[in-house]
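# Results of the structural survey
Chain residues, written in single-letter form:
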Amino acid sequence: MDNKTETNFEDFINKGKISSRGKWIAAAVVFVFFVALILVSIDWVLGALVHTRKEVKVPDITQKPVTAALNALAGANLALKQAGVEFAEGVPPGSVLRQIPSAGSTVREGRVVRVWISQGDEMVFVPAVEGLELRAAQLAIRQAGLQVDKVENAFSLTVDKGLIISQKPKADSMLTRGEKVSLTLSNGQPPASVILVPDFRNKKLAEATLWASQQNINLTVKEDSKSPFPYGTIASQTPGADSEVAPNAALEVVVSRRPAGEDEKTYHLHYELPQGKKPMRIRVVISDDNGEREVINESKQPGSKVDLEIPYNGAATFRILSDGILVREREIQ
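The structure contained in this document is the topic of the report that follows.

Rules of the game
Residues numbered from 1 in each chain as written. Predicted model: local features only at pLDDT ≥ 70, side-chain atom pairs only at ≥ 80, totals over all residues. Heavy atoms only, no water. Salt bridge = Lys/Arg side-chain N within 4 Å of Asp/Glu carboxyl O. Helix = DSSP H or I, 4+ residues; strand = E, 2+ residues; numbered from the N terminus. Buried < 20%, exposed > 50% of the residue type's maximum accessible area, 1.4 Å probe, protein only. Pairing = 2+ DSSP bridges. Axes fitted to C-alpha atoms, helices over the stretch in contact; angles between N-to-C directions. Contact = heavy atoms within 4.5 Å. Phe/Tyr/Trp six-rings, centres within 6.5 Å; stacked < 30°, edge-to-face > 60°. Lys NZ or Arg CZ within 6 Å of the ring centre and 35° of its normal.

### Describing the pattern of salt bridges
Taken as a whole and assessed by the stated rule, the structure comprises 14 salt bridges. Measuring nitrogen to oxygen at the nearest pair gives 2.7 Å for the salt bridge that ties E294 to R283. Highlighted residues: E294 in strand 18 (residues 291-300) and R283 in strand 17 (residues 280-288), separated in sequence by 11 residues. Under the relative-accessibility criterion, E294 is labelled partly exposed at 37%. Classification of R283 as partly exposed rests on a relative accessible area of 30%. Between R319 and E329 there is a salt bridge, and its shortest N-O distance comes to 2.8 Å. Of this pair, R319 sits in strand 20 (residues 316-322) while E329 is found in strand 21 (residues 325-332), placing the two residues 10 residues apart along the sequence. A residue is classified by how much of its surface remains accessible, and R319, at 26% relative accessible area, is partly exposed.

### Quick notes on the sheet that holds strand 7 (residues 147-154)
Overall, mixed pairing links the three strands, which are arranged 7-10-8 in an open sheet. For this open sheet the edge positions go to strand 7 and strand 8 (164-168), each flanked by a neighbour on one side alone. Direction aside, neighbouring strands of the sheet carry axes that sit 20° apart on average. Across the sheet, helix 3 (residues 134-143) touches strand 7, strand 8 and strand 10 (180-186), and the angle it forms with strand 10 is around 170°.

### Observations concerning the packing of aromatic side chains
Remark: the centre distance and the inter-plane angle together describe each pair of aromatic rings, the angle taken between the planes. Evaluation of the coordinates by the stated rule reveals three aromatic pairs. Taken together, the aromatic side chains of Y267, Y312 and F318 make up a single cluster linked through ring pairs. Above the face of the Y231 ring, R257 is positioned so that its terminal group lies 4.9 Å from the ring centre.

### Some words on unusual backbone geometry
Of note, the amide linkage connecting I100 to P101 takes the cis form, showing an omega dihedral of 0°. Within the element layout of this structure, P101 appears in the loop between strand 3 (96-100) and strand 4 (106-108). Backbone torsion omega between K168 and P169 reads 0°, so that peptide bond is classified as cis. Note that P169 resides in the loop between strand 8 and strand 9 (174-176). Its identity as a non-glycine residue notwithstanding, Q63 has a phi of 70°, on the positive side. Its location among the elements puts Q63 in the loop between strand 1 (55-57) and helix 2 (66-75). The residue N216 is not glycine, and still its phi comes out positive at about 60°. Its relative accessible area of 42% is what places N216 among the partly exposed residues.

Here it is as structure tokens:
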């Protein structure tokens, strides 16, 4: 075979290879063209659909319940999405607090309106400040998210000068954040010209009768046949301990007249509070054959004493809790 024939055969083979590669390139170009055409078509169709939607004004849905807000948006062919929840003073829980886009904005139908839902007013617990110095009490109230209202001064038979005698509302009450707490500050022991009512609770009627006679106070006695205290014990009084009264004023006491059962016994409970800077809320609970009942639940000063005569039936368990913590438990047969 001569050189010319060999050359032509090689050219034929190379031409075939070139033609095959060209076909693949051409096919790829066509594929890319069609993909681009499809994408452009989709974009055009979507754009046409969007731009054919009507423009509407976003209604004002703030302060409205969620159901009312949904109805208002549905009327404008808009959707709602919750973006968050927040506490808000004066806005009822479950109502729209704010919205994006804002009311009056012009948008196209189908737009999603994001909303923040109100949780209502934030509620906080009133701290226990009885027995604290004024500055410490004010700080505790502010840290709880509340404000100190007025501070009144009064004499006290039991609370040292410069310490808080009482607070209003009482500790552990619930208030809206920002509300006010009133305080009464002790001026110490009263002078001879000032008459303060002692604390007669859990004491015998004879003690209150003697004091009322000496101070020229009109004593009224009421009876309670369902009282948890022993027969003849004062369960409550009006006005309360440390209240200032004038001669001929009225003092009302409620005395236990609960009939004693055949198997009833009496337990003398004595507990001394540890020393400290803060008052403690003391609860005394008894469980016996008559069930569980609370005998006392009140704030006590550090170092003060609890002395109670508690009636019980059958086997009984006495529990003393200080600020919710069990500090003493005793079983009595």
